[in-house]
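Tertiary structure, described
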Amino acid sequence: MINRNPCIRNIKAGYLFPEIAKRRREFAAAHPDAKIISLGVGNTTEPIPPYIDRGLVEGARKLGTVEGYSGYSDEGLLALRQRISEVFYQGDFAGDEIFVSDGAKCDIGRLQLLFGAGIPVAVQDPSYPVYVDGSVLTGAAGPWSGTGYEGITYLPCTGENDFFPDLSLLPAQGLIYFCSPNNPTGAAANREQLTALVTAALNKGSLIIFDAAYSEYIRDPKLPKSIFEIQGARTCAIEVNSFSKPAGFTGVRLGWTVVPQELMYAGGERVNADWARVCGTIFNGASNISQAGGLAALEPEGLKEIRELSDFYLGNAKLIRSALQELGITCVGGGNSPYIWAHFPGRDSWEVFGDILERCQVLTTPGSGFGPAGRSFIRFSAFGHRQDVEEACKRLGTLGRG
Ligand code: PL4
């Protein structure tokens, strides 16, 4: 028989989120009367708001007409790319610098093809698991060593450094994954921090993949929503973003990636041209129905709905954070992000996860799933119906009773 890709052999069994779903199923099977509430996976729960929804419906309806029908639109509708540039980047990017995708995660996976195996990779520790797991699958990272994957530089982000990493640890001529507002810590980097990040990347000849999937949750007007608000970023950064969390498109699937024309490899070739080649070769474009919804989401009425929807989830975050703080649990996040990162000093996060599930029937995400620095943290997601979040907060109160 054919040999297995050795990179797949290197990856630890079980991607985090299916593993949590498995544990939920096992718990439910053992406790058939349990009413489990999920504050685990960051999956949106509220209906798509009406104006944006009408955009989707209209997009589908047009496909049934001769005049409105459209087929492949590989790199995305030009109107959508231009609107993304206007809404998120003050029109600073041309249409051919914005690539419409089927979501941020999908582009994070595909982007790794640009750099291949063997390049150094740095991640915030903790971070969204796709950066590390994807690097292992492409061979940029090696086998698990017991404390982390070989070839990955883990940049601890803890209470001691205000959840912003020590940039002196960055590898040269490597890839830096940076997510702000961060999943899972909820920390949003400020302008000075992102300026230091860009300066460090430029000095090291490294490239930043900036994941801005939660940028629409930023409420503090001083915090940058995009890496491209920072001078110099156009020559050292790619940004991925998504309609999933602001517009409830987790199932609809729509995102985008910005690759500036100025961005070059060490050999002087343009990264933008290669990204167009990769997308043209292995991606056939986002659904035209999703793109119609995306266009509606970026009209003034749609943007108002995005604000209201993200305000709703931030309201949940506030409730969860208050409930945890009342128990004396130290936590961060929730103010400019839909995640709360709660500290359980001296305890193992899978053990705390099991304890909360057992005692409160509330599903969470164990911090160690996001990296070694998460070993005594739990991530609470604010995506949920309000009554479920209120009920979960009530149940969490029982954790204070020893
Ligand atoms: C569960 C930092 C969630 N099955 O929907 P996309 O592909 O546009 O965006 C995915 C994404 C990208 N970047 C960051 C993210 O946190 C996410 C979504 N993360 C979570 O609970 O951490 C959903 C996870 C999903 C998955 O594996 O992505």
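Residues numbered from 1 in each chain as written. Predicted model: local features only at pLDDT ≥ 70, side-chain atom pairs only at ≥ 80, totals over all residues. Heavy atoms only, no water.

1. Description of the nonpolar core
Phe 115, Ile 320, Leu 324, Ile 356 and Phe 380 are the most contacted members of the largest nonpolar core, which totals 70 residues. Examining the composition of this core, we find that five residues originate from one element, helix H12 (residues 349–360), more than from any other. Both domain 1 (7–48 + 302–401) and domain 2 (51–299) contribute no fewer than three residues apiece to this core. Those residues within four positions of Leu 324 in sequence are excluded, and the remaining contacts are Ile 329, Cys 331, Ile 340, Ala 342, Phe 380 and Leu 396. Counting 42 residues, the second largest nonpolar core, distinct from the first, contains Leu 56, Phe 178, Leu 298 and Ile 306. (Core = buried A, V, L, I, M, F, W, Y, C linked by side-chain atoms within 4.5 Å. Buried < 20%, exposed > 50% of the residue type's maximum accessible area, 1.4 Å probe, protein only. Helix = DSSP H or I, 4+ residues; strand = E, 2+ residues; numbered from the N terminus. Domains from an automatic or database assignment. Contact = heavy atoms within 4.5 Å.)

2. With respect to the site of the ligand
Close to the ligand lie 20 residues; Tyr 15, Gly 42, Tyr 128, Tyr 214 and Ser 242 are nearest. Between Arg 253 and the ligand, the recorded distance is 2.8 Å, taken from a side-chain N or O atom to an oxygen atom. Contact with the protein chains hides 88% of the accessible area of the ligand, taken as 610 Å² for the molecule alone. Applying the majority rule of atoms within 2 Å of the grid points places the ligand in the second largest pocket. (Near = heavy atom within 4 Å. Polar contact = N/O pair within 3.5 Å; in protein donor to acceptor, adjacent residues only side chain to side chain. Areas by Shrake-Rupley, 256 points an atom, 1.4 Å probe, with all protein chains shown as cover. 1 Å grid on protein atoms, 1.4 Å probe; cavity = no way out; pocket = protein on both sides within 12 Å on 5 of 7 lines; lining within 4 Å. Sits in = over half its atoms within 2 Å of the grid points.)

3. Observations regarding helix H6 (residues 130–138)
Of all nine residues in H6, seven are buried, a share of seventy percent or more. Where H6 is concerned, the buried positions are Val 130, Tyr 131, Val 132, Asp 133, Gly 134, Ser 135 and Val 136. Tucked inside the fold, the buried residues of H6 contact helix H1 (6–10), helix H5 (104–111), strand S3 (121–125), strand S4 (152–156), strand S5 (175–179) and strand S6 (207–211). Remark: Gly 139 follows H6 within two positions and exhibits a positive phi of approximately 90 degrees.

4. Things to note about the domain arrangement of the protein
By convention, interface size is frequently given as the accessible area that disappears when the constituent parts associate. Considered domain by domain, the protein is made up of domain 1 (7–48 + 302–401) and domain 2 (51–299). Centre-to-centre, using C-alpha coordinates, domain 1 lies 24 Å away from domain 2. Contacts between the two partners involve 38 residues from domain 1 and, on the opposite side, 53 residues from domain 2. Both sides of the domain 1 and domain 2 interface together cover about 3700 Å² of buried area, and 63% of this is carbon and sulfur. Summed over the three residues of domain 1 that lose the most area to domain 2, namely Ile 48, Ile 306 and Asn 336, the buried surface amounts to 19% of that side. For the pair domain 1 and domain 2, the interface holds one salt bridge. Taking the shortest distance from any N to any O, the salt bridge between Arg 219 and Asp 311 comes out at 3.0 Å. At the level of secondary structure, the elements contributing two or more residues to the side of domain 1 that touches domain 2 comprise H1, helix H2 (16–30), helix H11 (300–326), strand S9 (331–333) and strand S10 (339–343). Tallying contributions element by element places H11 first for the side of domain 1 that touches domain 2, with ten residues. (Buried area = accessible area lost by both parts, 1.4 Å probe. Salt bridge = Lys/Arg side-chain N within 4 Å of Asp/Glu carboxyl O.)

5. Concerning the sheet that holds S6
A sheet is described by the order of its strands in space; here seven strands give the open sequence S2-S8-S7-S6-S5-S3-S4, paired in mixed fashion. Edge positions in the sheet fall to strand S2 (98–101) and S4, since each of these pairs with one other strand and no more. The sheet shows a mean angle of 20 degrees between the axes of neighbouring strands, direction not considered. Note that S6 and strand S7 (residues 237–242) share four bridges and pair parallel. By the bridge assignment, Phe 210 is partnered in S7 with Glu 239. Against the sheet, H5 touches S2, S5, S6, S7 and strand S8 (255–258), its axis set at about 150 degrees to S7. (Pairing = 2+ DSSP bridges. Axes fitted to C-alpha atoms, helices over the stretch in contact; angles between N-to-C directions.)

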